Amino acid sequence: DIAYVNGAFTPLAEARVSVLDRGFLFADGVYEVAAVIDGKLIDNEAHLARLERSLGELRLKSPVPLARIAEIEAELVARNDVKEGMVYLQITRGAAERDFGFPKDAAPTLVAFSQKKNILSSPAAQNGVKIVTVPDLRWARRDIKSVALLAQVLAKQAAVEVGCHEAWMVDADGLVTEGSSSTAFIVTKGGAIVTRPNSQSILPGCTRRAVLALAAREGLTIEERSFSVAEAYDAVEAFLTSASSLVLPVIEIDGRPIGAGVPGENARALRQLYIECAMNDAT
Ligand code: PLP
């Protein structure tokens, strides 16, 4: 596989950044992940817009224009012959003598690589996934897609250790924020699709945005509000969204079956719609 590091395409196994890179030392950087289906990047404009916002919030400058980043991503997809999978890209404040304050003249680091992965036909999409809830231990600016992911790593590991696919993180008020790397949704008995509103408490998911637009187009009722773990247990349906998993039905939370304990109708329909629309708009 080929990776991109600071202006050059190199074999992934040989791709290197400095041990002084601030991404490594301080997690002083941001990232994006976009799905690839049929050799095309899905919803990549939204991902690049979010990258630009994350960079701005950390006063980080991209070493190349965003349009060039899109070209680099497309070149990785082509060179690595990715039909289905994802492209990861990361920008950090670069390598400099270790000091907490911003370095005066470090050049930012841009790294990108691709991964092949089955996205359309995954057992998780077919069978649904199990969720465990964990306390949300993250910092107060979760709207920035920073590479500081330790709380998400611990949350996901907690899920793996109890045989679950994903962890839903819960704030101090008992309200679900989001998954370790996905957005959380429930469907109420009245048929409303509920997901937490965007704020500094969650990452504004690109897939969340697209799926909500589709749900609105279908005339479904949407409630952008927080929901508790107790309300989630009681939901008729639950699902999650993310760039690399699209829409996945949730069949169990903390060992309790959700609804009939099988993938729900809304999740199934929204997944199908999302795939059709995303592929139409893919670049
Ligand atoms: N929330 C968190 C914390 C994430 O890390 C992610 C994606 O990785 C998402 C939500 C979903 O965002 P998107 O749909 O843009 O992939």
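Every value quoted in this text rests on a predicted model; they were computed, and no experiment measured them.

**Notes on helix α2 (residues 44-57)**
- The end-to-end C-alpha separation of α2 is 20 Å, in line with the 20 Å expected for 14 residues at 1.5 Å each.
- Every buried residue of α2 is accounted for by Asn44, His47, Leu48, Arg50, Leu51 and Ser54. In a view along the axis of α2, the buried residues occupy a sector of 160°, so they form one face of it.
- Along its buried surface, α2 packs onto β3 (29-37), β4 (40-41), α3 (66-79) and α6 (206-217).
- Immediately downstream of α2, the backbone of Arg59 shows phi near 50°, a positive value.

**Observations concerning the domain arrangement of the chain**
- Under the domain assignment, the chain is made up of domain 1 (2-116) and domain 2 (123-281).
- Across the contact, 21 residues belong to domain 1 and 13 residues belong to domain 2.
- The element contributing the most residues to the side of domain 1 that touches domain 2 is β3, with eight residues.
- Grouping the amino acids of the side of domain 1 that touches domain 2 by side-chain chemistry returns eleven nonpolar, five polar and five charged.

**Structural notes on the site of the ligand**
- Contacts to the ligand come from 13 residues, most closely from Leu203, Gly205, Cys206, Thr207 and Ala243.
- Elements represented by at least two residues in the shell around the ligand include exactly α6 and β13 (237-242).
- Top contributing element to the shell around the ligand by residue count: α6, with three residues.
- Its residues assigned to classes, the shell around the ligand shows four nonpolar, seven polar and two charged.

**Overview of unusual backbone geometry**
- Phi angles above zero are rare outside glycine, and Asp43 is one such case at about 55°.
- Its location among the elements puts Asp43 in the loop between β4 and α2.
- Positive phi, close to 50°, is recorded for Asp81, a residue that is not glycine.
- Relative to the helices and strands, Asp81 is located in the loop between α3 and β5 (85-92).
- Given 10 C-beta atoms within a 10 Å radius, Asp81 is considered exposed.

**Some details on the sheet that holds strand β1 (residues 2-5)**
- The antiparallel open sheet is built from six strands, whose spatial order is β2-β1-β6-β5-β3-β4. With partners counted over all chains shown, the strands left at the sheet margins are β2 (8-11) and β4, one partner each.
- Two elements, β1 and β2, share four bridges in a ladder whose sense is antiparallel. The residue bridging Ile2 from the neighbouring strand is Pro11, located in β2.
- Taken strand by strand, α2 contacts β3, β4 and β5, and its axis lies near 180° from that of β3.
- Here α3 sits on the sheet and contacts β1, β2, β3, β4, β5 and β6 (109-116); the angle it forms with β6, its principal contact strand, is near 35°.

The rules behind each value
Residues numbered from 1 in each chain as written. Predicted model: local features only at pLDDT ≥ 70, side-chain atom pairs only at ≥ 80, totals over all residues. Helix = DSSP H or I, 4+ residues; strand = E, 2+ residues; numbered from the N terminus. Expected span 1.5 Å × (residues − 1). Buried ≥ 20, exposed ≤ 12 C-beta atoms within 10 Å, placed from the backbone. Arc of directions from axis to C-beta. Contact = placed C-beta atoms within 7 Å. Domains from an automatic or database assignment. Nonpolar A, V, L, I, M, F, W, Y, C, P; charged D, E, K, R; others polar. Near = placed C-beta within 6 Å. Pairing = 2+ DSSP bridges. Axes fitted to C-alpha atoms, helices over the stretch in contact; angles between N-to-C directions.

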